[in-house]
Every structure is written in C-alpha cells, then in structure tokens.
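# Descriptive analysis of the structure
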Amino acid sequence: MHEAENVKMKGKNGTLGEKLELLQVCLFELANLFLLIRTKIPLLQSLDEVTRKELTPLKLRKKAAKFATATVKAQMASFRRYGVWGDWDHPYLTLDPEYEAAQIEVFGKMAIQGFIYRGRKPVHWSPSSRTALAEAELEYPEGHVSNSMYAIFKLVNAPNLCNLLEEFFPNLCLAIWTTTPWTIPANAAVAVNPKLQYAIVEVQSGSTDSSTLSGNAKKKLGNVFEEYEKLFFIVALDLVPTLEAKWGKKLLIKKKLLGSDLENCSYVHPIDGRDCPVVIGGDYITTESGTGLVHTAPGHGQEDYVTGLKYGLPILSPVDDDGKFTEEAAQFNGLDVLGDGNIAVIEYLDKHLSMLMVEPYKHKYPYDWRTKKPTIFRATEQWFASVEGFRNAAIDAISQVTWIPSQGEKRIIAMTSSRSDWCISRQRTWGVPIPVFYHVETKEPLMNEETIDHVKSIISQKGSDAWWYMTVEELLPDTYHDKASDYEKGTDTMDVWFDSGSSWAAVLEKRNGLSSPADLYLEGTDQHRGWFQSSLLTSVATKGRAPYSAVVTHGFVLDERGFKMSKSLGNVVDPVTIIEGGKNKVESPPYGADVLRLWASSIDYTGDVMIGHQVLRQMSDIYRKLRGTLRFLLANLHDWKVDYVVPYHELPKIDQHALFQLENVVKNIKEGYEQYQFFKIFQIIQRFVIVDLSNFYFDVAKDRLYVGGTTSFTRRSCQSVLAEHLLSLVKVVAPILPHLAEDVWQHLPFQYTNEEGQIAKFVFESRWPIIKERYLAFPVEEVNFWGKILELRTEVNKVLEVARSGKLIGSSLEAKVYLHTSDDTLAARLTEACKSETDADTLPRIFITSQVEVLPSLENEHTEDASYTGEFLIGGKDRVWIRVTRAAGSKCERCWNFSPQVGSFDEHPSLCSRCYNVVAGQPEPALAAVS
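Residues numbered from 1 in each chain as written. Predicted model: local features only at pLDDT ≥ 70, side-chain atom pairs only at ≥ 80, totals over all residues. Heavy atoms only, no water.

## Regarding the sheet that holds strand β22 (residues 445-446)
- If you walk across this open sheet you meet the three strands as β22-β21-β23, and the pairing is antiparallel. Of all strands in the sheet, those bounded by a partner on one side alone are β22 and β23 (487-489).
- Across three bridges, the pairing between strand β21 (residues 437-439) and β23 is antiparallel. Bridge assignment links Tyr438 to a residue of β23, and that residue is Glu488. (Pairing = 2+ DSSP bridges. Helix = DSSP H or I, 4+ residues; strand = E, 2+ residues; numbered from the N terminus.)

Right, here's the structure in full:
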C-alpha cells in the first residue's frame, strides 16, 4: 500500500482538517489502491520475452518492489503538490516486513479459529494472469459480446412421468440456453425451478424464412430443425411466445407440468453419452431469459456448484491454467475455451443435432482488471475464508458503523449477505505467501499456530522474500526440523484484498499514537465489495467488530459532458494540468492546487461528478472573489493591534449583527465538516463572502474605514469586526484552501496567540475557532429587525437604480430616500435608525445615501412626484413605500455625501460637519526645514 493510504484511514483524534484531506485523496482518484500488486502487468509488459523467461520468483519480486517504490515516490510528490496532508515521512506500505508480518498474524488467527480451509470450488480464473481472482479484481467493460446458444439434451428416462411423457419419446428433449457453450463438456445436470410451469411443445414442421426471426442479424439456426420431422421440447410455459419469435418456429403446446415433476428425470449428455439428471435449482431460474431450464456445470459456476453439492454431482472442469481444454475434454483437448474451443463445441453440437440456434449476446462479462482480458469460472484447489462462519457477526457489525451516504449500509449488507466463501489464494510469486507446507507424498497441508508464528517472526525481520530463498527446514520451527524433508513449501500467495484488508491490524494496532477502530475509512463506491468488505471480514473474524467507526464513499470523476474519462476518447482531465497548466496556457491555464481543491469541496461527492474547463473557470472566479475578500480584510487591518479591540457591548448594532452572522457561519461550517458535507461548506462560504460581506457589510464599512478617521471609534469598531472575520474565515477555509490560508496567515498584520497562550506561526497551529456564545445571543428581535433592514436595502437599491437610469442621480450619495410604512412599530424603529447616536447604525450609512427620512403619512408634498418610487412587502406582510429624490445641500469633497452643512466652516468650507471634525482633530503635518 502506498503513502496516500496514510490519509485514507485515520485513527482516533483526527482533526477537522484531516477529515477533509481524507476526502480530497479519494476524490482525485489519482492512484491505485495497492501499488505493488498492480505493478506486475505493466512491469512484465516492459520486458522482452527472453528476459521474462529468465525471471526467477525472487528476480520478479525484486523488480516489482523497485517499480512500486519508484511509483510511490512519484505519487507522493503529486499528492504533496495537491496539498494533501499526510505523514509522508512515515508511510505504511504493504511490502514493508512489519506490515507483512501483521497480515500473516491476521491470517493465522483466522486459521486457528477454523475460518480458513482448502477446497475445490469454482472461482473466477484469469487465463491471461494464470491465477484465481476475487470479485473485486474484476471489471465489467461495456460492449462484451458472447456467442449464446440454445441447445437440446435428449430425455431418456422419466420415472415419475412415464405415462404422461411416453407418447413423446424418443424425440423429447430438454431445451437449454447458455452464454458459455464451452462449458457443455462439463455439464452434469439440468436444473429447473420447482414452482414454474413448464410445457411440452411440438415444433411445427416446415421451415421459416430467416427474415422472420426477431432481430435476425448474425443468428444461425441449427441443423436439427431440418433433420427431424417431429421434435418435442420442454421449456418454461411463459417463454413459449418469446422462443417462437426467437427461433422463427411455431411451437404447439401439447402438455403442461410443474418443474417439481421433472426432478429425477434423466437425459443423455450430448457429447460423452453419460446419463445426467434433472435437478431442482434455486430462485436464479426465472423466465426473464433463456428457456427456464439451466445447463448446470458445478465446476464452472457458483450456483451450479451449490446445486451440485445438494445432489452429489461430479465437479468437472476440463480446463487448464491457460484456459485451454485438457485431455478430459477428449476431442477438444488443447483448444482455447474462449476462442476456437467455444466454436468447436458449438459446431460439434450442431453436427450431432443438439444445437438449436446461436446468436451474439451483448452483456456484462467479467474481465481481469490487470490484463483487461476476459476471465472464466473454473474449479480449482484453492484456500478459502469461510464467510459463512462469521457472516451474521459481520452484518451485525455493519449496523454499528456510520455510513455516509446512508445507502452505503444497504449496499454492503446486500453484498455481505449474498457473497460466497472468500477465495484468498492466488497463483502468483509476488505478494504475501500463504504460510502452508504440504506433505510431499500425501499432499496433506501442515499449518498450525506454531508454524504460522514461526513464519511470521521470520517475515517480520527478513520480509516475505524469505519464503522464496529460505529452505523448508529454516522456515519450519525447531520441533519440525527432523521432518522437514517430508514437506515442501506452498506456492500460493494471498489475495491482494487480504493485503489491504489487514491494514487496520498493520497500522492502527502497531503504530504509536493510533488506535483501533479507525475514525474513518473512505474510498470509491466500488469498495463495498473491495477494501471496505475485506477489512470488515478480517476484523470481524479476528476481533468481533468492524475496523472503522464510519465509512465515507464517493463517486467517480467524469468529464464535463458526463462521460467516463478515457485516453482513447481524449477526455482525461489531468490534475497536474489543472494545477500547472497545459502546453497552451490560453486554453489550459494554470489554476493552482487550491482551485482544484475548491472544486472538490463544491461537488456532492456521493455520486459521480463532472469536471472540465468550464467548471474550473467558474471555480477560479469564486476563488478570486474569496481571495479578494481576504485581501480586503488584510488591507483594512494594516494598522490594527489587538489592543484596539472595541468591547462587544460597545459595538454598533450593525457590527453585533455582523458577528452574529459570522458565528452562525462558523457553527454551520463546523457541522458540515463533522458530517462530511463539504459541498454545504462551499455553499455557506460562497454566500457569506459574496452576499453578506461583499454586497453588504464591506460595502457599508468602506465609509467608516476610509472616512471616519484613523483612530476614530467608528473605524476601530469596524476593524474589531473585520479582525474577527479574518481570523475565523482563514481558519475555516484552511482545510479546503491550505495554500491560500497559509498565505494570508503569513501576512497577518498582527501576532495571533492561541488559547494556550502560544504564538501560532502557521494557520494549522491556530486551532479551530471557539464558538462565541455571546455573539450568538444577539436578541431575536434585533435579528428580525436587521433581516428587514437588509430586505429594505435591496428594495431601496432597486429604486435608486431606476433613478440612476432616469439621470436623476449618478452616485447613490446624490440621493435622499423617503420611506413610509403603516406599521407603527416598524416606522418607529426606522425613524430611530435615521438619527441613531451611533453613526454606523444610521439608515443613510446603511443605504449609502446622503439622507433618509421616514414619513408619518403619504399626504404631503414629498409624495406629489412619484417618478422614482416603489412599494414592497417586508417579510411578506409589512408594506413599505419608497421614494428617491436629489439630496439636499452641497457635496462634501472628502466623503462625497451631500449636506446642508457644507460651507458652514470657514477653515474648511468644502467639508461636511463629520469630515470637518475628523480633519480638525488631526495633528498638523510637520513642515520641512527651508535653508
């Protein structure tokens, strides 16, 4: 396992920042989960044929480890560039001896408890890799087409139905359908559903033109239809119309019977002439496709295997490691079952009048995730973990875990409930060995607590390569040395999902400062059958509990049109290109890591997400607005000191309201992090920065900051609020935008000391903002009133815009606003706000106009000219009338407000009273000496 895994599974006490870092790793999907085990194929492909043949197991393992280590370093550099937070100097890797030993320990505990056994069962087999595969090592690419076949097996005995079926012999056949004709040589039975109704149908004589066949492209009818005058098939009653259309033949229903009636009938195997039984199958036999009768080969299918155990059927699997027929398959010996062997079986059956029809069938089919080639189901001797032994405990453990999103719980329960025993052995020379010895003559396995512990102690010191270069005598404990010559080492290695599924034991339980279970596991939605499940099974089997307290799953990244990324389509979006830009900087500009991280926080990761240049441009715009907000805060605090802070109870109401909004934002963002709802954090920040701050508070604050006087109360009170905003905002965005946050922190105009009295040199040393209950205690009536003020301001701006369009005013400071409302309480509050003792709370400052007047009624001269007026309902109930006129008085050259007082001061005739008081109170500048 590579370094990225350090940030994908956390022990206790992970910070909020770490939680987001975990998500970032998964969303990028830049690295494979297990580098070592995924490097073999590209590694071998890079070698010529001669070199491959000369590779000994140890040479191969050495090359694989070297390749993996180099990839780890490259990947580490990428993740660091993205700003992912991890313990990069101390990664945990599945190829480390300590990790391998912990994995052997987990295996040993399961073996001692009886959960590990060896058996011959059908498993997913990759001919291209020559090994068994787990379900999680498969992929199902679109577009796979199989040669599906309808075939018939001639019924020869029906002990329970002699009188009923006698008239149809000897031409009565069981009709089956299969997408794997190559498995017919291993057929051992035909299974039926006991509850389904079946029909004996007669094929009407006479041929049908192939053009009448439904969807006839590339279909081929068998010779049997031409050779027999009378043919009788047994098929599911409900499928008769479908099969008529499929074969282009009229099927006359002669008799009906239940599936249970067919049990113990027998038929002749169409290739080797064996008598085979009709058996009762499970609910997997339906009338959704096929014929309602299922060709059963216990050596080539899990459901077939289960049915075969019930009836004691032979487990035939005449296929070798390369996917070719063995001598057991007689005339098909040496043929590739997925190629010419499949065709040969079809042709044989057609020649011997057992093939009804062949047609292409497009469906999902398992491929080896490494070689990208199709797999087969094949019975081989393998090691298994008996999931049945602890399935109920695993399902109980699932219910104790928090699943995000919640549907993940149903998904993993369904997969755990229905999964078969876990095939954990692989036929490879790379990976962790299964620590078993076999008796040379009897092939009986030797594996007990003593031998496993001894192998574990060796591997913890020397690594798993020791299994290949040490002798059997050295690998066995002292008590077995005299018998060492009787044994040989096993050559199987463990499933890679057993590697990853042991990470909780190798990391959380072996490293100082960590503990089990993990706070969080997270990966893509496909890991419900992979890492999440393998970790769950190993932990429940050995510890009786899940290895994690919570699990987060995410979707996958698509291009901006919603298509899966593919090199062949040319739509791959490379994170490095996003960050550093492409060759054409105009078409692919460098956005930097934080824009990519901002995008990752903006999407609902629970489903598949889209990314592209248009999305990134939008993110870049939002990022610039946020950056601009932080720059505004820094710029207006350039002369700020902590000593200047204005006590909360002395702050203007507008400032108290601003702190109330800020504290709610911090509180809601904290909840977003704790619930892993990062897109809500993005939405909260975006609205707060653009609407609440830029469009209102900052807009109004500029007058106080630039006009109110350097050391004035109105400026210091505003700076007190800005300082709170700067510190809180930079802390809450730091997990998402660490580069921006640290940049701001290094330019703080004042020194920040945390709650412990320590100077925070870096933003992540500052700790999460402590919720200030005093700010949240802003009276409800004041919250409601300021909500109305904000609503009113929006409507006033609309009327001001109309007046601006009508050339009545240019700047809003050239305007006077008249208000009227019939609500006496609201009118009183508005009147009070017009002449508030605190300048910052007055309506002219809030509206950014020169004057505001509240009219007691509309029956006076101010309402005669209704050119620039408007009406609206505050909160949907309080009607407010608005009118805009030119402001009275002259323009102050300093603050640009209009005031009748301009011209009243001899020393500064162009100033209003406010600006005069500010200017008059400033010390005279020192004059330069004149020589």
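Resuming the write-up.
## A few points about the UniProt feature "domain: Zinc finger FPG/IleRS-type" (unreviewed entry) in the protein chain
- Listed under "domain: Zinc finger FPG/IleRS-type" (unreviewed entry) in the UniProt record, and renumbered for this structure, are residues 889-918.
- Helix and strand shares over residues 889-918 are 20% and 13% respectively, and the end C-alpha atoms of the span are 20 Å apart. (UniProt positions renumbered as here; feature names shortened; annotations may be inferred.)

## Let's talk about the side chain of Thr307
- Along the chain, Thr307 falls in helix α10 (residues 302-311).
- Judged by its relative accessible area of 6%, Thr307 falls in the buried class.
- One polar contact links Thr307 to Tyr284, side chain to side chain, over a distance of 3.0 Å.
- Beyond its immediate stretch of four places on either side in the chain, Thr307 contacts Val279, Ile280, Gly281 and Tyr284. (Buried < 20%, exposed > 50% of the residue type's maximum accessible area, 1.4 Å probe, protein only. Polar contact = N/O pair within 3.5 Å; in protein donor to acceptor, adjacent residues only side chain to side chain. Contact = heavy atoms within 4.5 Å.)

## Remarks on the sheet that holds strand β3 (residues 131-133)
- Strands sit in the order β3-β2-β17-β19 across an open sheet of four strands; the sheet is antiparallel. The open sheet is flanked by β3 and β19 (422-423), the only strands paired with a single partner.

## So, the domain arrangement of the protein chain
- Partitioning the protein chain into domains gives domain 1 (31-82), domain 2 (142-206 + 216-365), domain 3 (557-610), domain 4 (624-777) and domain 5 (794-888).
- Placing a centre on the C-alpha atoms of domain 3 and another on those of domain 4 gives a separation of 31 Å.
- Taken together, the contacts link nine residues of domain 3 with 10 residues of domain 4.
- Carbon and sulfur atoms supply 63% of the area buried between domain 3 and domain 4, which totals about 910 Å² over both sides.
- When residues of domain 3 are sorted by the area they lose upon contact with domain 4, Asp594, Ser601 and Tyr605 head the list and together hold 51% of the total.
- The interface formed by domain 3 and domain 4 contains zero salt bridges.
- On inspection of domain 3 and its partner domain 4, the count reaches six residue pairs in polar contact (both at pLDDT 80 or more).
- When its residues are assigned to classes, the side of domain 3 that touches domain 4 shows four nonpolar, two polar and three charged. (Domains from an automatic or database assignment. Buried area = accessible area lost by both parts, 1.4 Å probe. Salt bridge = Lys/Arg side-chain N within 4 Å of Asp/Glu carboxyl O. Nonpolar A, V, L, I, M, F, W, Y, C, P; charged D, E, K, R; others polar.)

## A few points about the state of the cysteines
- Summed over all chains, the structure comprises zero disulfides.
- Here Cys276 is not cross-linked by a disulfide; its sulfur's nearest cysteine counterpart is in Cys265, at 13 Å.
- A residue is classified by how much of its surface remains accessible, and Cys276, at 1% relative accessible area, is buried. (Disulfide = S-S within 2.5 Å.)

## Overview of the pairing of strand β13 (residues 275-280)
- Of the strand pairs in this sheet, strand β7 (residues 189-192) and β13 are connected by three bridges, and their pairing is parallel. Opposite Val190, over in β13, you have Val278 as the bridge partner.
- Bridge count for strand β12 (residues 266-268) against β13 is three bridges, and the pairing is antiparallel. Considered in β13, the bridge of Tyr267 is made with Cys276.
- Hairpin remark: β12 followed by β13, antiparallel, with six residues in the connecting loop; positive phi at Gly273, about 75°.

## Looking at the confidence of the model for the protein chain
- When pLDDT is averaged across the protein chain, the result is 88; 91% of the residues are at 70 or more.
- In the predicted structure, residues 1-7 sits below a pLDDT of 50 and forms 37 contacts with residues beyond four places in sequence or in another chain.
- A low-confidence stretch, residues 11-40 stays under pLDDT 50, and its non-local contacts, those more than four residues away or across chains, total 109 contacts. (pLDDT = per-residue confidence, 0-100.)

## Quick word on the pattern of salt bridges
- Counting across every chain of the model gives 45 salt bridges.
- Measuring nitrogen to oxygen at the nearest pair gives 2.5 Å for the salt bridge that ties Arg914 to Asp703. With a gap of 211 residues between them, Arg914 in helix α31 (residues 913-920) and Asp703 in helix α24 (residues 678-707) connect regions that are remote in the sequence.
- Given a relative accessible area of 17%, Arg914 falls into the buried group.
- Since its relative accessible area comes to 18%, Asp703 is described here as buried.
- Here Glu782 makes a salt bridge to Arg829, at a shortest N to O gap of 3.4 Å. A residue pair is termed long-range when its members are at least 10 positions apart, and Glu782 in helix α28 (residues 780-805) and Arg829 in helix α29 (residues 824-834) qualify at 47 residues.
- Among the charged side chains, a network of salt bridges with common partners joins Glu137, Arg370, Arg426, Arg428 and Asp495.

## A short note on empty space enclosed by the protein
- This structure, assessed with the given rule, holds seven cavities of 30 Å³ or more.
- Considering the residues around the largest cavity, the lining is formed by 13 residues, among which Leu598, Ile622, Leu626, Ile685 and Gln686 are closest to the centre.
- Elements that contribute at least two residues to the lining of the largest cavity include exactly α21 (593-602), α22 (613-635) and α24.
- Here the residues of the lining of the largest cavity are counted per class, giving 10 nonpolar, two polar and one charged. (1 Å grid on protein atoms, 1.4 Å probe; cavity = no way out; pocket = protein on both sides within 12 Å on 5 of 7 lines; lining within 4 Å. Points joined across faces, edges and corners; volume = space filled by probe spheres on them.)

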